[in-house]
Amino acid sequence: MMDAAAAAYVALTASGTDTLLMAADHALRRELNRRIRDDLIALGAVQDGPAVTIADGTRASPGDLIICTRNDHHVEAGEPGRTLANGDLLRIEAITRRGLLVRRALDADPRTGQRRWTGRPFLYASYQDAELGYAVTDHAAQSRTVHTGLAVITGTEDRQHAYVALSRGTEVNLAYVFTVSPKTADPAPGPRPAPELARYDRRAAPGGPAAAAAPADPVTVLAGVLDRDGQQQSATQTRTQALADADHLAILHAIWAAETTPARDQAYRARLMNTLPPGYRRQPGHQATWLWRTLRGAELVERRL
């Protein structure tokens, strides 16, 4: 489902459609952002470099969309009298010594639904706390209205999230629903049992927060989400949910990838530069993404042997 949602977002934004992709939690949001950025680099819509480091060690380069996470009344955001605000969607035009040259997203064209940007770029120097802006959580999406809304539903959300995620688009709202419980991403029972499976099963009582994640029918999963009122969950239930999700491999993988991928890619880049003869050394383009993946696969095979 994540691949399908990311592919739909890339296709829609490539055509200029004002699109918003929403997820329930930050781990899923970061993973969607990572996949979309990789795809856009491969397509040439985003430059592979030069790049800057923004929040959580994420890299951003010209062509990337980022979200401002704090107000800055000292920056005029592309229009007279309009200062930079928390939640503003920005497109990186260039990287300079003084900061990022960006444009701010405006409301979509009411006739065509196309995304619009300020006519005048401006300098964004305090970009270190910004985040990639391809996927957002429902909290960040509450004030947004777009032409097309895409919602990723895992089956553990509540009706409050579903209402926000499925009402942002003025013309189109689509739900990408996980039809398999997230625990199936964990190892199968065997010589290396996953401790989170037992805890997941203990808390998955009828009517509990995970009851809707098991059915294979997307309509049933979505109906379970709409039946769940998040405001009625007690502090104990919220704590139990957080503990149960803490070591799910799907979530841990997203965190691990966000922390290790930049350092691993940099190591591969240095290894490539040291291998090439001096006359052929130059920074690789977006094709390097596939080379890094090949090197990573080779490393994993070598470890298994």
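Each remark here, short or long, concerns the structure printed above.
Residues numbered from 1 in each chain as written. Predicted model: local features only at pLDDT ≥ 70, side-chain atom pairs only at ≥ 80, totals over all residues. Heavy atoms only, no water.

> Let's hear about helix H2 (residues 26-43): which residues, and what values?
Taking 1.5 Å as the rise per residue, H2 with 18 residues should run 26 Å; its terminal C-alpha atoms sit 26 Å apart, in good agreement. Those residues of H2 that fall on the buried side of the exposure criterion are Ala27, Leu28, Arg29, Glu31, Leu32, Asn33, Ile36, Arg37, Asp38, Leu40 and Ile41. Between a side-chain oxygen at the N-terminus of H2 and the backbone nitrogen of Ala27 the separation is 3.1 Å; the capping residue is Asp25. (Helix = DSSP H or I, 4+ residues; strand = E, 2+ residues; numbered from the N terminus. Expected span 1.5 Å × (residues − 1). Buried < 20%, exposed > 50% of the residue type's maximum accessible area, 1.4 Å probe, protein only. Polar contact = N/O pair within 3.5 Å; in protein donor to acceptor, adjacent residues only side chain to side chain.)

> Quick rundown of the sheet that holds strand E14 (residues 169-177)? Include the residues and the values.
The strands that make up a sheet are held in pairs by hydrogen bonds between backbone atoms, and each pair lies either parallel or antiparallel. Pairing is parallel in the open sheet, where 4 strands are placed in the order E12-E1-E13-E14. Looking at which strands have only one partner, the edges of the open sheet turn out to be strand E12 (135-137) and E14. Each adjacent strand pair in this sheet contributes to an overall mean axis angle of 30°, direction not counted. Examined bridge by bridge, strand E13 (residues 146-153) and E14 share 7 bridges and lie parallel to one another. Residue Thr148 lies in a different strand from E14, and its bridge partner there is Val172. (Pairing = 2+ DSSP bridges. Axes fitted to C-alpha atoms, helices over the stretch in contact; angles between N-to-C directions.)

> Tell me about the packing of aromatic side chains, and please be specific about residues and values.
For the coordinates displayed, the defined rule picks out 2 aromatic pairs. Ring centres of Tyr9 and Tyr134 lie 6.0 Å apart, and the angle between their planes is 75°; on these two criteria the pair is classed as edge-to-face. Placement of Tyr9 in helix H1 (residues 2-14) and of Tyr134 in the loop between strand E11 (131-132) and E12 is noted, with a sequence separation of 125 residues between them. Note on Tyr9: relative accessible area 1%, which makes it buried. Tyr134 sits in the buried class, given a relative accessible area of 2%. Ring centres of Tyr268 and Trp292 lie 6.0 Å apart, and the angle between their planes is 35°; this geometry places the pair in the tilted category. Here Trp292 lies in helix H9 (residues 288-304) and Tyr268 lies in helix H8 (residues 249-275), a separation of 24 residues in the sequence. (Phe/Tyr/Trp six-rings, centres within 6.5 Å; stacked < 30°, edge-to-face > 60°.)

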